[in-house]
Amino acid sequence: MTNLAKRKKAELRFRFYGIFSVFLSLLFVAILIFNICSSGIGGFYKTIFLTSIHFDQKLLNLEDNASEEQIRNASFRKLIKNSFDESFKDYSKDEIKQIKKLFYRKIDIELKNFLINNPEFLNKTTKVELTASTHIDQIHKGNFDRTVQEKHRKVNNFQLEIYDKFVEDQKVKKVWNSTYFTSGDSRDPESAGVASSVIGSVFTILICFLLSFPIAIFASIYLQEFAKAGKITDLIEININNLAAVPSIIFGLLGLGILLNFFGLPRSTALVGGIVLSFMTLPTIIVACRSSLRAVPPSIREAALALGATKNQVVFHHVLPLAMPGTLTGAIIGLARAIGETAPLLMIGMVAFIMDIPSNPLEPAVGMPAQIYLWSESSERGFIEKTSSAIILLLMFLIVVNFVSVYFRKKYEKKW
């Protein structure tokens, strides 16, 4: 009885340790997600000022019924100066300059785009949503300590008074930042977006999948179904398993030395990035595919052969379709790992400052992990917020990818 009681106590302790470990792991994940979301959710919003603007045709030097090209070539600086002088006529020139610093420095582009989209407001006065500066944006979101001494902050007391007056007059709003999803990178956190990095990652992952998946399938089929056991086959298998554990930066060095320096492929492009990531994901997909092929019962092969099927028909008509769910799961997991890799992209130059959204894999691009790395290196508080919001998008993508892999595995998995 004493030994039985000890075994039961040991079992209870083991169960407690297991539950405690799972709870601790979930707690750390919850803390991580909470910290990222609390600091990054504000990146999806921006602060704007509701400002009355009179689109004076004379100041813009435009003709009646001006075309889009004429509006695009017009200068809006005089219009902005006149609007500020009229709205803040009770203030001195130096004070108006201080007030202008509350706004994003490229509000002339915002006014230009507004008039292009709304040409009927020419020679009329209307309220326009103008983006606030990154410092005012952080103040309005509660990320700025106003008790800091004036000499240690970039927003002086006079500007804070004007901002408070705008708040009292209900001229300050926090709105959804749609440009965050439609624009590329920028030196200004007010206009920086993830479109270029998202498109770059999409091109990179597509190339990685198109290269690695078919090669991995045929390599797995040959090694598992056709290759004869021997020293050469054993050597190939050992090397594949070793490649699956090689650090990702080694594949970046491989791409730098062979693809860029030897073959002369264009630097900082999704084409090179996809090829490098395909090198990295090939071993993972091959291992998953071989495991799926090995899991198909021998009776399937024997029954097909008994009915007169050839070796190729047995493999491609019967074995491979049954092994495809597990193979797709391994491929999706490999691609999910690839999209989060930064080191290989750094080695091939996909960490450059890219403002334009790439239209094809041969144009310069940057991946989301590299974009997050670039923003994290910036000292601007607005970029710190953008970093966390980009991490949220990346995590959401990885969650979707893993959900899809689990769904396909559960739907098509065969129980033997």
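A quick note: this is a predicted structure, and the numbers were derived from the prediction, not measured.

A. Representation of the overall build of the chain in the model. In terms of regular secondary structure, the chain is built from 18 helices and three strands. Its C-alpha atoms give the chain a radius of gyration of 30 Å, clearly above 22 Å, the size a compact globule of 416 residues would have. The proportion of buried residues among the 416 residues of the chain is 41%. Counted over contacts in the chain with a minimum sequence separation of 6, partners at least 24 positions apart contribute 75%. When the accessible surface of the chain is split by element, carbon and sulfur atoms take 61% of a total near 23,700 Å². In the chain, which carries 47 positive and 36 negative side-chain charges, the distance between the mean positions of the two groups comes to 11 Å.

B. Focus on unusual backbone geometry. In this structure, N123 is a non-glycine residue whose phi angle is positive, near 70°. Of note, N123 is situated in the loop between α6 (107-117) and β2 (125-131). Judged by relative accessible area, which is 39%, N123 ranks as partly exposed. Positive phi, close to 65°, is recorded for S268, a residue that is not glycine. Mapped onto the elements, S268 comes out in the loop between α12 (248-262) and α13 (270-295).

C. Representation of the packing of helix α10 (residues 195-226) against helix α17 (residues 368-376) within the structure. Interhelical geometry of α10 versus α17 gives an angle of 150° and a closest axis separation of 8 Å. The angle between the axes of α10 and α17 places the two elements in the roughly antiparallel class. Within the contact between the two elements, α10 uses S196, S197, V198 and S201 and α17 uses M368, P369 and Q371. Split by residue class, the contact of α10 with α17 holds three nonpolar, four polar and no charged.

D. Fine view of the pattern of salt bridges. Scanning the model with the defined rule gives 14 salt bridges in all. Of the charged contacts in the structure, one is a salt bridge between D85 and K81, with a shortest N-O distance of 3.1 Å. One end of the pair is D85 and the other is K81, both in helix α4 (residues 77-87) and four residues apart, which spans about a single turn. Overall, D85 belongs to the partly exposed group, its relative accessible area being 29%. On the accessibility criterion, K81 (46% relative accessible area) is partly exposed.

E. Region of interest: the side chain of S248. The topology assignment puts S248 in helix α12. For S248, a relative accessible area of 12% gives the class buried. Separated by 2.9 Å, the side chains of S248 and E341 make a polar contact. Sequence-distant contacts of S248, that is, excluding residues within four places in its chain, are made with M280, E341, A343 and P344.

F. Seen up close, the packing of aromatic side chains. Inspection of the entire model under this criterion finds 21 aromatic pairs. When the centroid spacing of 6.0 Å and the interplanar angle of 65° are considered together, the rings of Y91 and F158 count as edge-to-face. Taken together, the positions of Y91 in the loop between α4 and α5 (93-100) and F158 in helix α8 (residues 157-168) put the pair 67 residues apart, joining distant regions of the chain. Note on W176 and F181: the rings are 5.7 Å apart at their centroids and 15° apart in plane angle, and the pair reads as stacked. Judged by its relative accessible area of 33%, F181 is partly exposed. The side chain of R187 reaches across the aromatic face of F353, ending 3.8 Å from its centre. In this arrangement the basic side chain of K311 is found over the ring face of F226, its NZ or CZ atom lying 5.9 Å from the centre.

G. Molecular detail of the environment of N261. By secondary structure assignment, the location of N261 is in helix α12. You can call N261 exposed: its relative accessible area is 55%. Along the backbone, N261 and Q70 are 191 residues apart, and their C-alpha atoms lie at a distance of 46 Å.

About the criteria used
Residue indices follow the written sequence of each chain, beginning from 1 at its first position. In keeping with the predicted nature of the model, local features appear solely for residues at pLDDT of at least 70, side-chain atom pairs appear and are counted solely at 80 or more, and the whole-chain, interface and lining totals rest on all residues. Where side-chain values are given, they derive from all heavy atoms of the structure, hydrogens and water being excluded. Helix numbers and strand numbers start at the N terminus; a helix is a DSSP run of H or I with at least 4 residues, a strand a run of E with at least 2. Values of the radius of gyration come from C-alpha atoms, whereas the globule rule sets the reference at 2.2 Å times the count of residues to the power 0.38. Each residue is assigned to one of three classes by its accessible area relative to the maximum for its type, calculated with a 1.4 Å probe on protein chains only: buried under 20%, partly exposed between the two thresholds, exposed over 50%. Whether two residues touch is decided by their heavy atoms; if any such pair falls within 4.5 Å, the residues are in contact. Residue burial considers only the protein chains on display, and all accessible areas are found by Shrake-Rupley using a 1.4 Å probe. Only four residue types enter the tally: Lys and Arg on the positive side, Asp and Glu on the negative side, with His and both chain ends excluded. Positions of charges follow a simple convention, taking NZ of Lys, CZ of Arg, CG of Asp or CD of Glu. With axes taken as lines fitted to C-alpha atoms, and helix axes fitted only over the stretch in contact, angles between N-to-C directions fall between 0 and 180 degrees. With respect to orientation, any angle under 35 degrees is reported as roughly parallel, any angle over 145 as roughly antiparallel, any angle of 65 to 115 as roughly perpendicular, and every other angle as oblique. Classification convention: Asp, Glu, Lys, Arg as charged; Ala, Val, Leu, Ile, Met, Phe, Trp, Tyr, Cys, Pro as nonpolar; all other residues, Gly among them, as polar. Take a side-chain nitrogen of Lys or Arg and a carboxyl oxygen of Asp or Glu: if they are within 4 Å of each other, that pair is a salt bridge. In the analysis that follows, any N or O atom pair within 3.5 Å is treated as a polar contact, provided that within protein one partner can donate a hydrogen and the other can accept it, and provided that, for residues neighboring in sequence, both atoms belong to side chains. For Phe, Tyr and Trp, where Trp contributes only its six-membered ring, two rings pair if their centres lie within 6.5 Å, and the inter-plane angle classes them as stacked under 30 degrees, edge-to-face over 60, or tilted in between. Ring-over charges, as used throughout, are those where CZ of Arg or NZ of Lys falls within 6 Å of the ring centre and within 35 degrees of the ring normal.

Interpretation note: all reported values are geometric properties and have no functional meaning in isolation.
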